[in-house]
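Given next are the chains, with one letter for each unit.
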Amino acid sequence: MHTPTTTHSGAKGGLFDGVTFYHWLVVILTSAGWLFDCMGQRIFVLAREPALRELLGATASDGDVKFWGGWATCLLLLGWGTGGILFGMMSDKYGRVKAMVATLLAYTMFSGLSGLSRNGFEFLIYRFLAGTGVGGMFGAATTLLAESVPPRFRTIALGLMQTLSALGNMLASSLSMSITPGMENYWGRWSGWQVLFFVGVAPAILAVPMVALLREPEPWK
């Protein structure tokens, strides 16, 4: 009786087959965008109470600080949802790369402005606007990554991006160990919480390699 033989030629490809340097570049830059997005969120959590305690003044009670902190968090999340929709529409119309760069600039710029807040109302406004960038980045980055890499590599690439986001939270927590959020005059006249928000502007430099090196994925074209 003839026993059929199984040929393995071309049946399966390796996980990294077809993965080029450019694909890794997309993974690195999209992951960096999401990583620093998460760092900004963590900075907000660490700096929220000291910021509002200073902005509301010495007469503010603990209850007042918690009340305003709740609103700051609420508006951040509302901004998150709003940004997800608005930047998602922008991503479809103008391109994935342009949308990701816009979200990066939004969450970094409004992080810096949060540190320049003169009162509680300004702080709430800046947190809402920063939230739009936070919410928009995840959608723009994941879509660009998913549409740019080979299908077989897509799952591991997206998983790697999500895993690396934890480093953003860890980085912010590490920064707060040397930049104490509640310390007044930490750097000249700037308090610790302000300096933390200023540090959140630094990732804006990523806009340069994103614009220079990334290209729109074929599915979008």
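How each quantity is defined
Residues numbered from 1 in each chain as written. Predicted model: local features only at pLDDT ≥ 70, side-chain atom pairs only at ≥ 80, totals over all residues. Heavy atoms only, no water. Helix = DSSP H or I, 4+ residues; strand = E, 2+ residues; numbered from the N terminus. Buried < 20%, exposed > 50% of the residue type's maximum accessible area, 1.4 Å probe, protein only. Areas by Shrake-Rupley, 256 points an atom, 1.4 Å probe, with all protein chains shown as cover. Lys, Arg positive; Asp, Glu negative; His and termini not counted. Charge placed at Lys NZ, Arg CZ, Asp CG, Glu CD. Patch = residues over 30% accessible without salt bridge, like charges linked within 9 Å, V, L, I, M, F, W, Y side chains within 5 Å. Salt bridge = Lys/Arg side-chain N within 4 Å of Asp/Glu carboxyl O. Expected span 1.5 Å × (residues − 1). Bend = angle between axes of the 7 residues up to and from the residue. Polar contact = N/O pair within 3.5 Å; in protein donor to acceptor, adjacent residues only side chain to side chain. Core = buried A, V, L, I, M, F, W, Y, C linked by side-chain atoms within 4.5 Å. Contact = heavy atoms within 4.5 Å. Phe/Tyr/Trp six-rings, centres within 6.5 Å; stacked < 30°, edge-to-face > 60°. Lys NZ or Arg CZ within 6 Å of the ring centre and 35° of its normal.

A short note on the overall build of the protein
When helices and strands are tallied, the protein shows seven helices and zero strands. Its helices and strands in sequence order give the protein the pattern α-α-α-α-α-α-α, from N to C terminus. Reported as C-alpha extents along the three principal axes, the dimensions of the protein are approximately 95 × 35 × 30 Å. In the protein, which comprises 221 residues, the share counted as buried stands at 46%. Total accessible area on the protein is roughly 11600 Å²; 67% of this is exposed by carbon and sulfur atoms. Each charge class in the protein was averaged separately, 15 positive and 12 negative side chains, and the resulting centres sit 7 Å apart.

Some words on a nonpolar patch on the surface
A cluster of nonpolar side chains, Leu15, Phe16, Trp24, Ile28, Ile156 and Leu160, forms an exposed patch at the surface whose accessible area comes to about 530 Å². Going through the elements one at a time, helix 1 (21-56) and helix 5 (151-178) are the ones with two or more residues in the nonpolar patch. Position of Phe16 among the secondary structure elements: in the segment before helix 1.

Digging into helix 4 (residues 120-148)
Given a rise of 1.5 Å per residue, 29 residues ought to cover 42 Å, and the 42 Å separating the end C-alpha atoms of helix 4 matches this to within 8%. Roughly 25 degrees is the biggest bend found in helix 4, and it falls at Gly136. Taking burial as the measure, the 29 residues of helix 4 include 21 buried ones, the bulk of the element. Residue Asn119 occupies the N-cap position of helix 4, its side-chain oxygen lying 3.1 Å from the main-chain nitrogen of Phe121.

Overview of the nonpolar core
The biggest cluster of nonpolar side chains holds 29 residues, and the ones touching the most others in it are Met100, Leu104, Met137, Leu145, Met210 and Leu214. Going through the elements one at a time, helix 1, helix 3 (96-115), helix 4, helix 5 and helix 7 (207-213) are the ones with two or more residues in this core. With eight residues, helix 1 is the largest single contributor of residues to this core. Among all residues touching Leu214, those that are not within four sequence positions of it are Tyr22, Val26, Leu29, Val97, Met100, Leu144 and Pro209.

Digging into helix 6 (residues 192-199)
The element helix 6 is largely enclosed, with a buried count of six among its eight residues. In the core, the buried residues of helix 6 are packed alongside helix 1, helix 3, helix 4 and helix 5.

Things to note about the packing of aromatic side chains
Per the counting criterion, the structure on display carries nine aromatic pairs. Measuring from centroid to centroid gives 5.8 Å for Phe16 and Phe153, while their planes differ by 55 degrees, and the two rings are tilted. Separated by 137 residues along the polypeptide, Phe16 in the segment before helix 1 and Phe153 in helix 5 bring together distant segments of the chain. Residue Phe153 is classed as buried on the basis of its relative accessible area, which comes to 1%. Ring plane angle 85 degrees and centroid distance 5.2 Å describe the contact between Trp190 and Phe198, whose orientation is recorded as edge-to-face. Of the aromatic side chains, those joined through ring pairs into one cluster are Phe44, Phe123, Trp193 and Phe197. A cation over an aromatic ring shows up here: Arg189 above the ring of Trp190, its NZ or CZ 4.0 Å from the ring centre. Its end group placed over the ring of Tyr22, Arg215 keeps NZ or CZ at 3.7 Å from the ring centre.

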